Amino acid sequence: MYTKIKPVNKNALTSSEMTILKSFALGLGCDTIQSLLEIDAETYQSYCQQIFQKLDTCNAYTAVHKAFQTGLLHPKEYLSENIKSFALEFSVLKHHRFQSCTEGDNKQSLWELYDLLLEFQSRIETQFRSTLT
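Residues numbered from 1 in each chain as written. Predicted model: local features only at pLDDT ≥ 70, side-chain atom pairs only at ≥ 80, totals over all residues. Heavy atoms only, no water.

A. Examining the overall build of the chain more closely. On a plain count of helices and strands, the chain comes out with six helices and zero strands. Listing each helix as α and each strand as β along the chain from the N terminus yields α-α-α-α-α-α. Burial statistics for the chain: of 133 residues in total, 26% are counted as buried. Taking contacts inside the chain between residues at least 6 apart in sequence as the whole, the part at least 24 apart equals 59%. As presented, the chain carries roughly 9700 Å² of accessible surface, and 54% of it is formed by carbon and sulfur atoms. (Helix = DSSP H or I, 4+ residues; strand = E, 2+ residues; numbered from the N terminus. Buried < 20%, exposed > 50% of the residue type's maximum accessible area, 1.4 Å probe, protein only. Contact = heavy atoms within 4.5 Å. Areas by Shrake-Rupley, 256 points an atom, 1.4 Å probe, with all protein chains shown as cover.)

B. Main features of the pattern of salt bridges. Inspection of the entire model under this criterion finds two salt bridges. Residues Arg123 and Glu119 are paired through a salt bridge, measuring 3.0 Å at the closest nitrogen-oxygen approach. Placement of both Arg123 and Glu119 in helix H6 (residues 106-132) is noted, with a separation of four residues, approximately one turn of the helix. For Arg123, a relative accessible area of 36% corresponds to the partly exposed category. In this structure Glu119 comes out as partly exposed when scored by relative accessible area, which is 21%. (Salt bridge = Lys/Arg side-chain N within 4 Å of Asp/Glu carboxyl O.)

C. Spotlight on unusual backbone geometry. Here Glu38, not a glycine, exhibits a phi torsion of approximately 55°, which is positive. Positioned with a positive phi, Asp56 is a non-glycine residue whose angle comes to about 55°.

D. Quick look at the nonpolar core. Counting residues in hydrophobic clusters, the biggest one holds 17 residues, and the most contacted among them are Ile20, Leu21, Phe24, Tyr44, Ile51 and Leu72. Elements with a minimum of two residues in this core: helix H1 (15-25), helix H3 (41-55) and helix H4 (60-70). Among the elements that line this core, the one with the most residues is H3, at five residues. Ile51 has contacts with Leu13, Glu17, Ile20, Leu21, Phe24 and Ala63, leaving out every residue within four places of it along the chain. (Core = buried A, V, L, I, M, F, W, Y, C linked by side-chain atoms within 4.5 Å.)

E. Examining the packing of aromatic side chains more closely. Tallying each qualifying case throughout the model produces one aromatic pair. The interplanar angle of 20° and the centroid separation of 6.3 Å between the aromatic rings of Phe24 and Phe52 together place this pair among those described as stacked. Taken together, the residues span a long stretch of sequence, with Phe24 in helix H1 and Phe52 in helix H3 at a distance of 28 residues. (Phe/Tyr/Trp six-rings, centres within 6.5 Å; stacked < 30°, edge-to-face > 60°.)

F. Main features of the state of the cysteines. For the structure on display, the rule yields zero disulfides. No disulfide involves Cys30; its sulfur sits 7.8 Å from that of Cys48, the nearest cysteine. A residue is classified by how much of its surface remains accessible, and Cys30, at 36% relative accessible area, is partly exposed. (Disulfide = S-S within 2.5 Å.)

G. Fine view of H4. Considered for burial, the residues of H4 that qualify are Ala63, Val64, Lys66 and Ala67. Considered in projection along H4, the buried side chains sweep an arc of 165° and stay on one side of the axis. Buried positions along H4 lie against H1 and H3. For H4, the N-terminal cap is Asn59; the gap from its side-chain oxygen to the backbone nitrogen of Tyr61 is 3.2 Å. (Arc of directions from axis to C-beta. Polar contact = N/O pair within 3.5 Å; in protein donor to acceptor, adjacent residues only side chain to side chain.)

This is how it looks when you write it as structure tokens:
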């Protein structure tokens, strides 16, 4: 059975609710979230209920899933820290190539950037093949 996902108004959630939703997506637990936001359990529960109601879900897992499906959250923000670290390391190592491709011919620069992105994708797939599938 297929169901159509209702779009979510991106302005429907308050900034506190978005912070909690993002915290869910990062895998943080309720005690950690409460501590980071310096809120009590009652306030936390109230925010959670508002999130679930606005997203028409019943728990944190389905709220995060729906937020990704509807574009409320963007997957690139929640990549594994290992992949983020690898991307930063790759950037540092290839920085000189990118600098040289921003000077001069725009078409040449575009192809140089394209080549860098292909090389990055290839290395990510090689390095993290088991975690990406």
